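# Descriptive structure summary
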Amino acid sequence: MKKTSFASVLTFGCQMNIHDSEYLKSELESLGYTLINDYIEAEAIVINTCSVREKPETKLLNILSQIKGLKKKKPKIKVIVCGCSAQNLGSKIIELYPFVDLVFGPDEIFNFKNLLLNLFTSKKESTHTSFYKDFSYMNTKVSSNILNHAYLTVMKGCNSYCSYCIVPYLRGKEISRKRLEIVEDVKQLVDKGISSITLIAQNISRYGLDINDNLINLIIDISKINRIKNLAFLTSHPKDFDLNIIKLYEDIDILSPLLHLPAQHGSNKILASMNRNYTKEYYYNIVDNLKNSKIWKNLNFTTDIIIGFPEEDDNDFKELLSLLDYAEFDNSFTFIYSPRKGTKAYELYSKKTDLSLKKVYSQRLKMYQDRQKEIALQKNKNLLDKTMELYIEQDSYKDSLKYTARTKSYKVVNFIKPKDIDLKPGSYVLAKIDKAYPTHLLATFISKV
Ligand code: SF4
């Protein structure tokens, strides 16, 4: 392979995939590839896929259709599909798109380098979708693009089996990494100059339960490492959320005041049908505990919501809106229910799906989002005139004269680049919040930190 070969990694889906893609990118770089965003120019195209909803899977198929023409013009390019859809669709991908060279599931990622090198010696396309008990690949390999923030996987798999979700079937059973090993990884990341770390798992609230450990112990141990500025964790599950974590937010300075706690719905009927294993009253109790704590005023409290789950009626939707008003989420990641073959909900409800309700669900989605925007705006207005420490992420997509930065709780803040001061993505600044919008804030730069 020439030193100047280009590779492109397209990533769909959750933080787990973003993290996995970092590993893939670092492996590509170690093989001499230069990473580029535009896959049209690449000699190796890796598509890291998501299967949680139908849309990302359709997107994958659309991209593969485009790549088909590209491969005809440049037959030597390598096309690789990995991630959850690769696990889900397996060899069907190669049957449908014979120009795809390699398909592998999430557990095969540590084998990526070998699988890729094999492509240069064997002409045969291949599919690899085994599950493994070990996942030592989950180390600190990050690409050269990473500046000051990294995701770190602390466990894999999920045992929760929410009735709508395909992840447990694609990512296997929960396996936690040893606390000591994670702490070592954090130290290595810090040595590389990364001072902001997000620990990730499908259900991080269950971290350690399979190895007689827990998330609180892990957070406490990491907090003792010098030079970490910010530590966050994703994603918590209400049924397993330990209320003692709230105290940690108060006591541990480096812990980011960010809590992503997917409620999914506010109606007990729907929650039961989703197999979420908690009631709305249980969720309200967590909210009460948060509101009674010192961190509430600084907390970036976010959630996931599914609208239009089978048999959701007007009353259920009203209960969902009541939850939003009560919990005062800063942001909700909202989706209309997407049936996934192989899940319990699909088996139970696919025959009953009433397509005429599609419009009703879209209206409910809009109503929910409109109310969410009002609440988010109000909460962001509470930050006006405050001086905050911000971490510069990148140039603003919309305006190259501005930087996009994050607060300690990961709220997005844009500010005009100061003239004559050498600032770079990855550095920290102080800025005063001037303007609030539902999705972001505007600030004025004060000084470098
Ligand atoms: S907790 Fe539920 S929604 Fe999350 S990955 Fe597991 S099964 Fe899916």
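Rules used in this analysis
Residues numbered from 1 in each chain as written. Predicted model: local features only at pLDDT ≥ 70, side-chain atom pairs only at ≥ 80, totals over all residues. Heavy atoms only, no water. Helix = DSSP H or I, 4+ residues; strand = E, 2+ residues; numbered from the N terminus. Expected span 1.5 Å × (residues − 1). Buried < 20%, exposed > 50% of the residue type's maximum accessible area, 1.4 Å probe, protein only. Arc of directions from axis to C-beta. Contact = heavy atoms within 4.5 Å. Phe/Tyr/Trp six-rings, centres within 6.5 Å; stacked < 30°, edge-to-face > 60°. Lys NZ or Arg CZ within 6 Å of the ring centre and 35° of its normal. Axes fitted to C-alpha atoms, helices over the stretch in contact; angles between N-to-C directions. Parallel < 35°, antiparallel > 145°, perpendicular 65-115°, else oblique. Left-handed = near helix turned anticlockwise from the far one by under 90°. Nonpolar A, V, L, I, M, F, W, Y, C, P; charged D, E, K, R; others polar. Polar contact = N/O pair within 3.5 Å; in protein donor to acceptor, adjacent residues only side chain to side chain. Core = buried A, V, L, I, M, F, W, Y, C linked by side-chain atoms within 4.5 Å. Pairing = 2+ DSSP bridges.

### Points about helix α11 (residues 280-291)
Across its 12 residues, α11 extends 16 Å between first and last C-alpha, which sits within 8% of the 16 Å expected from 1.5 Å per residue. Considered for burial, the residues of α11 that qualify are Tyr283, Tyr284, Ile286, Val287 and Leu290. Along α11, the residues classed as buried sweep out an arc of 155° about the axis, all on the same side. Buried residues in α11 make contact with α9 (244-251), β12 (258-260), β13 (300-307) and α12 (314-327).

### Section: the packing of aromatic side chains
For any pair of aromatic rings, the description consists of the separation of the ring centres together with the inter-plane angle of the planes. Following the criterion strictly, the structure yields 15 aromatic pairs and no others. Both rings, one in Phe301 and one in Phe329, keep their centres 5.0 Å apart while their planes meet at 50°; by these two values the pair is tilted. With a gap of 28 residues between them, Phe301 in strand β13 and Phe329 in the loop between α12 and β14 (331-336) connect regions that are remote in the sequence. Neither residue differs from the other here; Phe301 and Phe329 are each classed as buried. On the numbers, 6.2 Å between centres and 20° between planes, the contact of Phe415 with Phe445 is stacked. You can see Phe415 sitting in strand β17 (residues 412-416) and its partner Phe445 sitting in strand β19 (residues 441-448), a full 30 residues away along the chain. Put simply, the rings of Tyr278, Tyr282, Tyr283, Trp296, Phe301 and Phe329 pair up and form one aromatic cluster. One Lys or Arg, Lys78, reaches over the ring of Phe120 and ends 5.4 Å from the middle of that ring. The ring of Tyr428 has Lys229 lying over it, and the distance from NZ or CZ to the ring centre is 4.6 Å.

### Describing helix α5 (residues 112-121)
Where α5 is concerned, the buried positions are Phe112, Leu115, Leu116 and Leu119. For α5, the arc enclosing every buried residue in end-on projection is 100°, short of the 170-degree limit, so these residues lie on one face.

### Things to note about the packing of helix α1 (residues 15-30) against α5
Viewed as axis vectors pointing N to C, α1 and α5 meet at an angle of 50°, and their least axial separation amounts to 10 Å. The pairing of α1 with α5 is recorded here as oblique in orientation. Of the two elements, α1 crosses α5, and the hand of that crossing is right-handed. From α1, Leu24, Glu27, Leu28 and Ser30 reach across to α5, where they touch Phe112, Lys113 and Leu116. A breakdown of the residues in the contact of α1 with α5 according to their chemical character gives four nonpolar, one polar and two charged.

### Some thoughts on the side chain of Asn148
Position of Asn148 relative to the elements: it lies in the loop between β6 (126-128) and β7 (149-153). Within polar-contact distance, the side chain of Asn148 engages the backbone oxygen of Gly426 at 2.8 Å. Setting aside residues up to four positions removed in sequence, Asn148 forms contacts with Gly193, Ile194, Ser195, Ser196, Tyr391, Gly426 and Tyr428.

### Some points on the nonpolar core
By size, the foremost hydrophobic cluster in this structure holds 58 residues, and its most contacted members are Leu199, Ile222, Phe233 and Phe301. The residues contacting Leu199, other than those within four sequence positions of it, are Leu152, Val154, Ile204, Leu218, Ile222, Leu231, Ala232, Phe233 and Leu234.

### Looking at the sheet that holds strand β10 (residues 196-200)
The sheet built from three strands is open, its strands ordered β7-β10-β11 with parallel pairing. Lying at the two open borders of the sheet, with one neighbouring strand each, are β7 and β11 (230-234). Neighbour-to-neighbour, the strand axes of this sheet turn through a mean angle of 20°, independent of strand direction. When β10 meets β11, the two strands line up parallel, connected through five bridges. The partner of Ile200 across the bridge, within β11, is Leu234. Here α1 sits on the sheet in contact with β7, β10 and β11, set at roughly 105° to β7.

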